[in-house]
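Results of the structural survey
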Amino acid sequence: MLLNATSRSILHRCGARQLRCFSSTVRRSHPYVVWAPDYTDEGALARRMAVRPKHFVTANKLIKQGILKVAGGLMTPESQHAAPEDRKLVGSVLIYEAENIEAARKLVEQDLYWTENVWDKEKLVILPMIMATTLQDKAGITQPTPED
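So, here's what we can say about the structure. (Residues numbered from 1 in each chain as written. Predicted model: local features only at pLDDT ≥ 70, side-chain atom pairs only at ≥ 80, totals over all residues. Heavy atoms only, no water.)

Concerning the overall build of the protein chain
In terms of regular secondary structure, the protein chain is built from five helices and four strands. The helix and strand sequence of the protein chain, counted from the amino end, reads α-α-β-α-β-β-α-α-β. In the protein chain, which comprises 148 residues, the share counted as buried stands at 29%. A separation of at least 24 residues holds for 71% of the contacts in the protein chain among residues at least 6 apart in sequence. Surface accessibility of the protein chain: about 10,200 Å² in total, with carbon and sulfur atoms responsible for 55%. (Helix = DSSP H or I, 4+ residues; strand = E, 2+ residues; numbered from the N terminus. Buried < 20%, exposed > 50% of the residue type's maximum accessible area, 1.4 Å probe, protein only. Contact = heavy atoms within 4.5 Å. Areas by Shrake-Rupley, 256 points an atom, 1.4 Å probe, with all protein chains shown as cover.)

Here you go:
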């Protein structure tokens, strides 16, 4: 990118990160919250656990790219204090940064939990959100992956 004197001055005063807000050519991204309940059939939890390690690898890549901001498994209230192996997971919640809702949906549909029929495709909800708080610039996955 070539910068004129004015742009260089702004870059120097504000830093490269803030310069994005002054540029009309930069794509704007918005946060989208995803509520993704799991299917409730008898094999749903087994499908989740079978693809979970690969799901974390993909999630970690999206986190490093700044696309996936927040993610976590939803569990029943009764299993909140249970040992990890005894927790009953019932879905996921995620916040993606995407250009539009279609791009957010594409991210969801590329996830292993979607393609391997963990998430209930009929009940999954994607909504744009207005952030009342800021998110960390660099999130990190709390579950180890083979790439870590």
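Here's the deal with unusual backbone geometry
In this model, Asn 117 sits at a positive phi of 60°, which is unusual for a non-glycine residue. Relative to the helices and strands, Asn 117 resides in the loop between helix 5 (112-115) and strand 4 (125-128). The class of Asn 117 is partly exposed, set by a relative accessible area of 34%.

Focus on the pattern of salt bridges
For the structure on display, the rule yields three salt bridges. Across the pair Asp 41 and Arg 47 runs a salt bridge, and its minimum N-O distance is 2.9 Å. The class for Asp 41 is partly exposed, based on a relative accessible area of 37%. For Arg 105, the salt bridge is made with Glu 109, and the minimal N-O distance between the two is 3.5 Å. With a gap of four residues between them, Arg 105 and Glu 109 both fall in helix 4 (residues 101-110), about one helical turn apart. For Glu 109, a relative accessible area of 34% puts it in the partly exposed group. (Salt bridge = Lys/Arg side-chain N within 4 Å of Asp/Glu carboxyl O.)

Some points on helix 4
Buried residues of helix 4: Ala 104, Leu 107 and Val 108, and no others. Within helix 4, the buried residues cover an arc of 100° as seen down the axis, which keeps them to one side. Seen from the buried face of helix 4, the exposed residues on the opposite side, beyond 90 degrees, are Glu 102, Lys 106 and Gln 110. On its buried face, helix 4 sits against strand 1 (30-37), helix 3 (44-64), strand 3 (89-98), helix 5 and strand 4. (Arc of directions from axis to C-beta.)

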